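Observations on the three-dimensional arrangement
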Amino acid sequence: MQPMREPFGQQTRPSISERVIDSLDERLGVRSIWAALMDRHIPRSVNWWYTLGSATLFVFTLQVVTGIFLAAYYVPSPDHAYDSVQYIMNEVIFGQVVRGLHHWGASAMVVLVVAHMLRVIVMGAYKYPREFTWTAGVFLLLLTFGFGFTGYLLPWDEKAYWATTVGTNMAGTVPVVGGFILRVLRGGADLGAVTLARFFAFHVLLLPALIVPLVGLHLFMVVRIGISGAPDRAYEREQQARQRGYSGISGLPKRSGIPKR
Amino acid sequence: MCCADVSGHEEHDVSRRRFLSYATAAIGAFIATAVSIPIVGYVVSPALKKRETPSISVGTPNDFTIGQPKLVDFTLTRRDGWVEQPEKKSVWVLRKTANDFVAYNPRCTHLGCAVSWQAASNHFVCPCHGGVFTIDGTVTAGPPPRPLDTLDVKTEGGRLLVAYKDFRLGIPQKEEA
């Protein structure tokens, strides 16, 4: 909003930051984007369990940042992988912090993602109109497991080697195609240089390329539809009635996802 | 939001909202700083490491003739991050008098090519850009910005030891690389 201009001399000029925001708002409508993201209606029934998604997003961001910097030293080759990790741990300043964050963040991701999913199940938040948010979330869960599985091999120590041996052997027990899956995962019959290189490539290139747009879609749907409140029988009936009422009308049912309370 | 504000402009939940947004921004800034500082150190730290100065045995005094520079080759084990690699290096050793030795780093002070000794003209010559040095390392022609870099020599148990170092190139000052 433009401030009122005084007629004689004493104009109250908006501050620089206001003017920057004004010009951005005029061109891109940034205020409405900010309002859509930050000034959302939240049901009164929300509680701490509803923060698990945001917590996952935070840890995910931390994994991205620490992962990028770990790649500055790490070498995905059998003769250097272990030594390069030892170099990070013993020679690089704060190397233990950066790797430690990534290590514990990986476990935190799995714990948070599962807890987040349990909350969504218990609260019935996967129901209409949030089925697609849920579906995207299921794929995000699988991608998280993919990150965990591929990342576990990278330190190339005994634990990594044998855990991946066991993990790929599990895949090998699948009827008919198991043997083939096992060989594809390892890049051959045995676990070795080819396995390490492809696990690294999947961990830092393929999986991020898949998860980032999916996180974006998941968040878009969360913001677009709004947060669901705790389940409520009366609300459920009302929602079903509304769904029936809207059927046949094109476009997104207006505010249908936001509980009344 | 206490009693001082009698005008009633501030409503309670507006200030609460404001407090929460400031608190969120402050905690966010704290976390961002707490992550960025280690990361800066993490990226910069290998640059802070000083190279070690190995002591190289180049032979006994009598391996050298007075007034005749001799190139001594040796192999260093260089620690390159997590890789240890053998690296071929050499020094020019000159016996000035019976008990006075000087050693030169063979890298031309211009841009690092190896200088060679031309016995015919009594000069060190660099093949890359025509730098020429006298037997005591002074520049007589070409682009080198400073004399040949001398290295410390000492005698220990009848053997000559040279403290091998590399110096920054292309600048007039002799500064350890």
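Keep in mind that this is a model prediction, so the values were computed, not measured. (Residues numbered from 1 in each chain as written. Chains lettered and ligands numbered in written order. Predicted model: local features only at pLDDT ≥ 70, side-chain atom pairs only at ≥ 80, totals over all residues.)

**Section: the packing of helix α3 (residues 52-70) of chain A against helix α5 (residues 95-122) of chain A**
All names here are of chain A.
- Following both chains from N to C, one finds α3 and α5 inclined at 155 degrees, their axes separated by 8 Å at the closest point. By the angle between their axes, α3 is roughly antiparallel relative to α5. The two elements α3 and α5 cross, and the hand of that crossing is left-handed.
- By residue class, the composition of the contact of α3 with α5 is 15 nonpolar, 8 polar and 2 charged. (Axes fitted to C-alpha atoms, helices over the stretch in contact; angles between N-to-C directions. Helix = DSSP H or I, 4+ residues; strand = E, 2+ residues; numbered from the N terminus. Parallel < 35°, antiparallel > 145°, perpendicular 65-115°, else oblique. Left-handed = near helix turned anticlockwise from the far one by under 90°. Nonpolar A, V, L, I, M, F, W, Y, C, P; charged D, E, K, R; others polar.)

**Side note on the interface of chain A and chain B**
- Listed as interface residues are 14 residues of chain A and, on the opposing side, 11 residues of chain B.
- Those elements giving two or more residues to the side of chain A that touches chain B turn out to be α3, α4 (81-90) and α5 of chain A.
- Top contributing element to the side of chain A that touches chain B by residue count: α4(A), with 4 residues. (Contact = placed C-beta atoms within 7 Å.)

**Focus on the confidence of the model for chain B**
Residue and element names in this part refer to chain B.
- For chain B, the average pLDDT comes to 89, and 92% of its residues sit at 70 or higher.
- Here residues 1-10 scores under 50 on pLDDT; set against residues more than four positions off or in separate chains, the count is 5 contacts.
- In the predicted assembly, ipTM is 0.77 and pTM is 0.78. (pLDDT = per-residue confidence, 0-100.)

**Observations concerning the sheet that holds strand β4 (residues 100-104) of chain B**
All names here are of chain B.
- Read from one edge to the other, the open sheet built from 4 strands follows the order β2-β3-β4-β9, with strand pairing classed as antiparallel. Here the strands that pair on one side only, and so sit at the sheet edges, are β2 (70-80) and β9 (150-151).
- Sheet topology places β2 next to strand β3 (residues 83-97); 11 bridges connect them, and they run antiparallel. Within β3, the residue paired with Arg 78 across the bridge is Gln 85. (Pairing = 2+ DSSP bridges.)

**Quick word on helix α6 (residues 131-153) of chain A**
Residue and element names in this part refer to chain A.
- In this model, α6 (23 residues) spans 34 Å end to end at C-alpha, consistent with the 33 Å of a helix rising 1.5 Å per residue.
- Restricting attention to buried positions, one finds in α6 the residues Thr 133, Ala 136, Gly 137, Leu 140, Thr 144, Phe 147, Thr 150, Gly 151 and Leu 153.
- If you follow the buried residues of α6, they end up packed against α5, α7 (158-172) and α9 (193-225). (Expected span 1.5 Å × (residues − 1). Buried ≥ 20, exposed ≤ 12 C-beta atoms within 10 Å, placed from the backbone.)

**Let's talk about the nonpolar core**
- Ranked by size, the top nonpolar core spans 20 residues in total, and within it A:Leu70, A:Tyr74, A:Ala81, A:Val98, A:Leu154 and A:Leu196 carry the most contacts.
- Taken together, the elements giving at least two residues each to this core come down to α3, α4, α5 and α9 of chain A.
- Looking at which element gives the most residues to this core, the answer is α9(A), with 4 residues.
- Beyond its immediate sequence surroundings of up to four residues, A:Val98 is in contact with A:Thr66, A:Phe69, A:Leu70, B:Pro38, B:Ile39 and B:Tyr42.
- Counting residues in each nonpolar core, the second largest holds 19 residues, with B:Ile56, B:Val93, B:Ala103 and B:Trp117 among its members. (Core = buried A, V, L, I, M, F, W, Y, C linked by C-beta atoms within 7 Å.)

**Quick notes on the environment of A:Tyr82**
Residue and element names in this part refer to chain A.
- Mapped onto the secondary structure, Tyr 82 falls in helix α4.
- Among the residues examined, Tyr 82 registers 18 C-beta atoms within 10 Å and is labelled partly exposed.
- Remark: the alpha-carbon pair of Tyr 82 and Thr 164, spanning 82 residues in sequence, is separated by 15 Å.
- Ignoring any residue separated from it by four or fewer positions in sequence, one finds Tyr 82 in contact with Pro 155, Trp 156 and Asp 157.

**Structural notes on unusual backbone geometry**
- Here the bond from A:Tyr128 into A:Pro129 is cis, since omega is 5 degrees, no more than 30 degrees from zero.
- For A:Pro129, the position within the fold is in the loop between α5 and α6.
- Of note in this structure, A:Phe94 is not a glycine but carries a positive phi near 65 degrees.
- Note on A:Phe94: 20 C-beta atoms within 10 Å, which makes it buried.
- Although it is not a glycine, B:Asn122 sits at a positive phi angle of roughly 60 degrees.
- Following the sequence through the fold, B:Asn122 ends up in the loop between β5 (116-118) and β6 (123-125).

**Regarding helix α1 (residues 16-28) of chain A**
All names here are of chain A.
- Here α1 spans 18 Å end to end across 13 residues, near enough to the 18 Å set by a 1.5 Å rise per residue.
- Taken across its 13 residues, α1 has 0 buried, putting it largely on the surface.
- Gly 29 occupies a position one or two residues after α1 and carries a positive phi of about 65 degrees.

**What about the sheet that holds β5(B)?**
Residue and element names in this part refer to chain B.
- Sheet architecture is open: 4 strands sit in the order β5-β6-β7-β8, paired in antiparallel fashion. Each of the sheet's edge strands pairs with one partner strand only, and the pair in question is β5 and β8 (139-141).
- Here strand β7 (residues 132-133) runs beside β8; their pairing, made up of 2 bridges, is antiparallel. Paired with Phe 133 across the two strands is Val 139, which belongs to β8.

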